Amino acid sequence: MVSREAQLVELVDTDGVATGSTTVAEAHTAPGRLHRAFSVLLLDEEGRVLVQRRAAVKTRFALRWANACCGHPAPGDTLVEDAARRLVEEIGVREAALHRAGVYVYRAEDPATGRVEHEYDHVLVGRVPVGTELTPDPEEVADVRWVGPERLRRELADEPDRYAPWFGGVLRVATEAAGRLPAAAALATD
């Protein structure tokens, strides 16, 4: 099996049009290369958001809280299918129907490692039943918790460095989709 850092990612331009491919490691080496990614936001039937604390061994933003899972679709692969597969691999959630909320483009350098996230990030939202069994992979996830949207927004505002730098943008994109995506409805703000 190819290590995660040696897997290929799809390079894109600022409009999301594919321009080539490179390895995960190369895409995240400074100054960073814009590439396709996905971020999955899961909500339960009570409207709580699943957040995970990234494992200490992560090469980018270790031990920071983030969305349910993240990843990179392989060049030519189907985005939603790859995201569903990563959801199983990272936290053991199966059978979550994922819906496209939108795209968030960002660049962030990890001060601890010098690695760079420069991603054309497809935000996907899914809903799961309360009490869904989670089986986090310890190589990927240090901890998980469910948190209400308003509390999550307060935490992001009060302590942004506890969270991965993309998480606020991912939450914003999902919130903006709340009116058209039933899975994201609990994120709607008044």
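Taking an unreviewed UniProt entry as the reference, the chain is identified by name as Isopentenyl-diphosphate Delta-isomerase belonging to Streptomyces triticirhizae. Of the comments in the UniProt record for the chain, the one headed Sequence similarities (unreviewed entry) reads "Belongs to the IPP isomerase type 1 family." As recorded by UniProt, the Subcellular location (unreviewed entry) comment attached to the chain reads in full: "Cytoplasm".

1. Digging into the overall build of the chain
Looking only at helices and strands, the chain has 4 helices and 9 strands in total. In summary, the chain has a C-alpha radius of gyration of 15 Å against a globular reference of 16 Å for 190 residues, a match within 12%. The dimensions of the chain, computed from C-alpha atoms along their principal axes, are 40 × 30 × 30 Å. With 190 residues in all, the chain has 49% of them scored as buried. When contacts within the chain are restricted to residue pairs at least 6 apart in sequence, long-range pairs at least 24 apart make up 65% of them. Looking at the chain as shown, the accessible area adds up to about 8900 Å², and 49% of this sits on carbon and sulfur atoms. Side-chain charges in the chain split into 23 positive and 31 negative, and the spacing between the mean points of these groups amounts to 1 Å.

2. Looking at the UniProt feature "binding site: Mg(2+)" (unreviewed entry) in the chain
In the numbering used here, UniProt assigns the "binding site: Mg(2+)" (unreviewed entry) feature to Glu90. Locating glutamate 90 in the fold gives a position in helix α2 (residues 79-91). Apart from the residues within four sequence positions on either side, glutamate 90 is in contact with Gln52, Ala68, Cys69, Cys70, Thr135, Pro136, Asp137, Glu140 and Val141. Reaching out from glutamate 90, the side chain makes a polar contact with the side chain of glutamine 52 at a distance of 2.7 Å.

3. As for the pattern of salt bridges
Going through the model one piece at a time under the given rule, you end up with 19 salt bridges. A salt bridge links arginine 86 to glutamate 140; the nearest nitrogen and oxygen atoms lie 3.1 Å apart. On the criterion of sequence distance, the pair formed by arginine 86 in helix α2 and glutamate 140 in the loop between β8 (116-128) and β9 (141-147) is long-range, its members being 54 residues apart. The same class applies to arginine 86 and to glutamate 140, which are both buried. Note that glutamate 155 and arginine 151 form a salt bridge whose closest N and O atoms lie 2.9 Å from each other.

4. Concerning the UniProt feature "active site" (unreviewed entry) in the chain
Feature annotation in UniProt assigns "active site" (unreviewed entry) to the following positions: Cys70 and Glu119. A compact arrangement is adopted by the annotated residues: their sequence extent is 50 residues, whereas the largest C-alpha distance between any two is 11.2 Å. By the secondary structure assignment, cysteine 70 is in strand β6 (residues 69-71). Residue cysteine 70 is classed as buried on the basis of its relative accessible area of 15%. Those residues in contact with cysteine 70 that sit more than four places away from it in its chain are Phe38, Ser39, Arg86, Glu90 and Trp166. By the secondary structure assignment, glutamate 119 is in strand β8. With near-sequence residues (within four places) excluded, glutamate 119 lies in contact with His28, Leu34, His35, Ala37, His72, Tyr104, Val105 and Tyr106.

5. A look at unusual backbone geometry
Note the cis peptide between alanine 30 and proline 31, where omega equals 10°. Here proline 31 is to be found in the loop between α1 (24-27) and β3 (35-44). The backbone phi angle of glutamate 95 is positive, close to 65°, even though this residue is not glycine.

What counts, and where the lines are drawn
- Residues numbered from 1 in each chain as written.
- Predicted model: local features only at pLDDT ≥ 70, side-chain atom pairs only at ≥ 80, totals over all residues.
- Heavy atoms only, no water.
- UniProt positions renumbered as here; feature names shortened; annotations may be inferred.
- Helix = DSSP H or I, 4+ residues; strand = E, 2+ residues; numbered from the N terminus.
- Rg over C-alpha atoms; globule rule 2.2 N^0.38 Å.
- Buried < 20%, exposed > 50% of the residue type's maximum accessible area, 1.4 Å probe, protein only.
- Contact = heavy atoms within 4.5 Å.
- Areas by Shrake-Rupley, 256 points an atom, 1.4 Å probe, with all protein chains shown as cover.
- Lys, Arg positive; Asp, Glu negative; His and termini not counted.
- Charge placed at Lys NZ, Arg CZ, Asp CG, Glu CD.
- Polar contact = N/O pair within 3.5 Å; in protein donor to acceptor, adjacent residues only side chain to side chain.
- Salt bridge = Lys/Arg side-chain N within 4 Å of Asp/Glu carboxyl O.

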